[in-house]
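So you can see what is in the structure, the chains are spelled out below.
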Amino acid sequence: MFQQLPLFILLATTLAPSLAFPSYAQGFEAREGPKAREGPKAREGPKAKEEFEARAAKIVLPTPQAYTGPKKIPDEHHPYRAPGPGDRRGPCPALNTLANHGYLPRNGIASLAELISANTEAFNLGYNFSSGVSALAILGRGNPFLDKVSIGGEHWMVPPLKERIDGVPGGLSKHGRFEGDISMTRQDAAFGDPAVFQPAMYENMLTYVDKFGDGDIVTDTVLAEYRQDIYTTSLANNPTLVWHAGRTGFSYGEAGFILNSFRNSRTGHLTRQEMTTFFTEERFPENWYRRESPLEFADVQRAVAAIRGPVYPAFAGAKNEEGVYVRDSLDNNPYFGTVCAVYYDLLVPNIAGVLLETKGQLRENVDVYLEEMFNLFRPFECPRMEPEGVAGL
């Protein structure tokens, strides 16, 4: 029997190597140098690019970090540096922050292992939590053959799969599959680029800190009231709103992530100043300490329970061709009413089924990503699922 938990109890969006990898602590530039950061195209020309695209990547998952307690972030090996002209940044301020400090490659192109390692090291995300969300990112908007995804828009290092069997990856900035409607600080795709930070939206969110915060401390009620506001606004104004179970989970997971992972463990709180540093500067605040323990499902569950409930009704669904919002049900999701509904929605109709028809290293990589997604939902007694979605979305 599937555990009866709210659909929105999911992942933080978002989404470092352990002490067993001491070389990681030096940061990407320190280990590889600026030439390595430029990539083969910049160093060697079109031929190197072709060779790069033809080279399959065998996934090697990182060892979980040995120390999972609080510590100051960033360390001396990960200074902030603003992104350069060719660097990619996208809709997730946490991933952008990791790249700006070199926990992720500063060009914004990352592998599964790099995403897991950066998120566990800097934000102290749980291993399965980080790996499941990161696997979805590469399956949906990356290149599984090369094991790469852009945290922003398109990039030559993340080309389409051979013969474009799943269209153009597009990176995490591309609408759908990973990025979606009703974001905290990005507009819905119906109204413009959904990856671009909207200062007016953030200023509006700060007014909720003024009204419902504990002074400058961001509370559960702040995010509960703000999330309800942007939900009702999108419901009223977005004619193509898509907010099925998977996206609902991401939306509330986003709020849970802010409360749990942007919080400074040294003080036990998230202040408006610290939140502003993450959202507007995309860097770690001064004297900031990561969580005391890895962020797991139970932590997100507790945070989301305080953000959404009978006082803040919101329902997964999407608008049809007539602009009528149709709520999710057993008609479109056989696991409706359970956490498995989120797993189903993120994978089965969302990821291209053609990936199961591949062979060799590509299929081996696809199987690794599917296993990491399953591991995230395994504790909820969900069955193993496979993608059946349309290619090229």
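The structure we're discussing is the one just above.
Reference entry: report on the structure contained in this document. Remember, it's a predicted structure, so these values are computed and weren't measured experimentally.

## Here we look at the overall build of the protein
Turning to step 1, where the next piece is worked out: Of the regular secondary structure elements, the protein holds 13 helices and six strands.
Turning to step 2, where the next piece is worked out: Put simply, the protein has 393 residues, and 58% of those count as buried.
Turning to step 3, where the next piece is worked out: For the protein, the exposed surface amounts to about 15,900 Å²; the carbon and sulfur share of it is 54%.

## What to know about the packing of helix H5 (residues 112-122) against helix H6 (residues 127-141)
Turning to step 1, where the next piece is worked out: Contact geometry for H5 and H6: axes closest at 9 Å, N-to-C directions at 140°. What the angle tells us is that H5 and H6 run oblique. The handedness of the crossing between H5 and H6 comes out as right-handed. Every residue of H6 that contacts H5 at Leu-112, Leu-115, Ile-116, Asn-119 and Thr-120 is listed here: Tyr-127, Ser-130, Ser-131, Ser-134, Ala-135 and Ile-138.
Turning to step 2, where the next piece is worked out: A per-class count over the contact of H5 with H6 returns six nonpolar, five polar and no charged.

## What to know about the state of the cysteines
Turning to step 1, where the next piece is worked out: This structure, assessed with the given rule, holds one disulfide.
Turning to step 2, where the next piece is worked out: Between the sulfur of Cys-340 and that of Cys-382 lies a disulfide, 2.1 Å long from S to S. Across the S-S bond linking Cys-340 and Cys-382, the dihedral sits near -100°, which makes this disulfide left-handed. Remark: Cys-382 occurs in the segment after helix H13 (360-377) and Cys-340 occurs in helix H12 (residues 340-347); sequence separation between them is 42 residues. Like Cys-382, Cys-340 is buried.

## Focus: the sheet that holds strand E1 (residues 109-110)
Turning to step 1, where the next piece is worked out: Taken together, three strands build an open sheet; the order of strands is E1-E3-E2 and the sheet is antiparallel. Both outer strands of the open sheet, E1 and strand E2 (142-143), are each paired with one neighbouring strand and no more.
Turning to step 2, where the next piece is worked out: Relative to strand E3 (residues 148-150), E1 runs antiparallel, the two being bridged by two bridges. Bridge assignment links Ala-110 to a residue of E3, and that residue is Val-149.

## What about the packing of aromatic side chains?
Turning to step 1, where the next piece is worked out: Counting across every chain of the model gives 21 aromatic pairs.
Turning to step 2, where the next piece is worked out: Seen in terms of ring centroids, Phe-278 and Phe-284 are 5.8 Å apart; in terms of plane orientation they differ by 80°. Their pairing is edge-to-face.
Turning to step 3, where the next piece is worked out: With a relative accessible area of 0%, Phe-278 lands in the buried category.
Turning to step 4, where the next piece is worked out: For Phe-284, a relative accessible area of 3% corresponds to the buried category.
Turning to step 5, where the next piece is worked out: A network of ring pairs unites the aromatic residues Tyr-103, Phe-123, Phe-197, Tyr-202, Phe-257, Phe-262, Phe-278, Phe-279, Phe-284 and Trp-288 as a single cluster.

## Some words on the side chain of Gln-65
Turning to step 1, where the next piece is worked out: When you line up the elements, Gln-65 lands in the loop between helix H3 (46-54) and helix H4 (93-100).
Turning to step 2, where the next piece is worked out: Look at Gln-65 and you get buried, because its relative accessible area is 11%.
Turning to step 3, where the next piece is worked out: Within the structure, the side chain of Gln-65 is placed 2.9 Å from the side chain of Asn-124, a separation counted as a polar contact.

## Comments concerning H4
Turning to step 1, where the next piece is worked out: Of all eight residues that make up H4, eight are buried, and the element is covered over most of its length.
Turning to step 2, where the next piece is worked out: Looking at H4, one finds that the buried residues are Pro-93, Ala-94, Leu-95, Asn-96, Thr-97, Leu-98, Ala-99 and Asn-100.
Turning to step 3, where the next piece is worked out: Looking at the buried residues of H4, the elements they touch are H5, helix H9 (245-261) and helix H10 (272-281).
Turning to step 4, where the next piece is worked out: Where H4 terminates, the next one or two residues include Gly-102, which has phi positive at roughly 80°.

## Observations regarding the environment of Val-300
Turning to step 1, where the next piece is worked out: Structurally, Val-300 can be placed in helix H11 (residues 297-307).
Turning to step 2, where the next piece is worked out: Under the relative-accessibility criterion, Val-300 is labelled buried at 0%.
Turning to step 3, where the next piece is worked out: The spacing of Val-300 and Asn-260 is 40 residues in sequence and 7.6 Å in space, taken between C-alpha atoms.

## Quick notes on the sheet that holds strand E4 (residues 242-243)
Turning to step 1, where the next piece is worked out: Strand order in the open sheet formed by three strands is E4-E5-E6, and the pairing between neighbours is antiparallel. For this open sheet the edge positions go to E4 and strand E6 (325-327), each flanked by a neighbour on one side alone.
Turning to step 2, where the next piece is worked out: Here two bridges tie E4 to strand E5 (residues 317-319), and the two strands are oriented antiparallel to one another. Bridging from a neighbouring strand, Val-242 pairs with Ala-318 of E5.
Turning to step 3, where the next piece is worked out: Seen against the sheet, helix H8 (residues 220-237) touches E4, E5 and E6 and runs at an angle of roughly 35° to E5.

## What about the pattern of salt bridges?
Two side chains of opposite charge can pair, provided their charged atoms sit close to one another.
Turning to step 1, where the next piece is worked out: For the structure shown, the criterion picks out eleven salt bridges.
Turning to step 2, where the next piece is worked out: A salt bridge links Glu-292 to Arg-263, with the shortest nitrogen-to-oxygen separation between them at 3.1 Å. Note that Glu-292 is positioned in the loop between H10 and H11 and Arg-263 in the loop between H9 and H10, a separation of 29 residues in sequence.
Turning to step 3, where the next piece is worked out: Of the residues examined, Glu-292 reaches a relative accessible area of 38% and is grouped as partly exposed.

## Some points on H8
Turning to step 1, where the next piece is worked out: If you check H8, its first and last C-alpha atoms are 26 Å apart, about what 18 residues at 1.5 Å a residue would give, namely 26 Å.
Turning to step 2, where the next piece is worked out: The complete set of buried residues in H8 reads Val-222, Leu-223, Ala-224, Tyr-226, Arg-227, Gln-228, Ile-230, Tyr-231 and Ser-234.
Turning to step 3, where the next piece is worked out: Lining the buried residues of H8 we find helix H7 (199-212), E4, H9, H11 and E5.

## Let's talk about unusual backbone geometry
Turning to step 1, where the next piece is worked out: Cis rather than trans, the peptide bond between Ile-73 and Pro-74 has omega equal to 0°.
Turning to step 2, where the next piece is worked out: Topologically, Pro-74 is positioned in the loop between H3 and H4.
Turning to step 3, where the next piece is worked out: At Asp-147, a residue that is not glycine, the phi angle is positive and equals roughly 55°.
Turning to step 4, where the next piece is worked out: One can find Asp-147 in the loop between E2 and E3.
Turning to step 5, where the next piece is worked out: When its relative accessible area of 7% is taken as the criterion, Asp-147 is described as buried.

Calculation rules
- Residues numbered from 1 in each chain as written.
- Predicted model: local features only at pLDDT ≥ 70, side-chain atom pairs only at ≥ 80, totals over all residues.
- Heavy atoms only, no water.
- Helix = DSSP H or I, 4+ residues; strand = E, 2+ residues; numbered from the N terminus.
- Buried < 20%, exposed > 50% of the residue type's maximum accessible area, 1.4 Å probe, protein only.
- Areas by Shrake-Rupley, 256 points an atom, 1.4 Å probe, with all protein chains shown as cover.
- Axes fitted to C-alpha atoms, helices over the stretch in contact; angles between N-to-C directions.
- Parallel < 35°, antiparallel > 145°, perpendicular 65-115°, else oblique.
- Left-handed = near helix turned anticlockwise from the far one by under 90°.
- Contact = heavy atoms within 4.5 Å.
- Nonpolar A, V, L, I, M, F, W, Y, C, P; charged D, E, K, R; others polar.
- Disulfide = S-S within 2.5 Å.
- Pairing = 2+ DSSP bridges.
- Phe/Tyr/Trp six-rings, centres within 6.5 Å; stacked < 30°, edge-to-face > 60°.
- Polar contact = N/O pair within 3.5 Å; in protein donor to acceptor, adjacent residues only side chain to side chain.
- Salt bridge = Lys/Arg side-chain N within 4 Å of Asp/Glu carboxyl O.
- Expected span 1.5 Å × (residues − 1).

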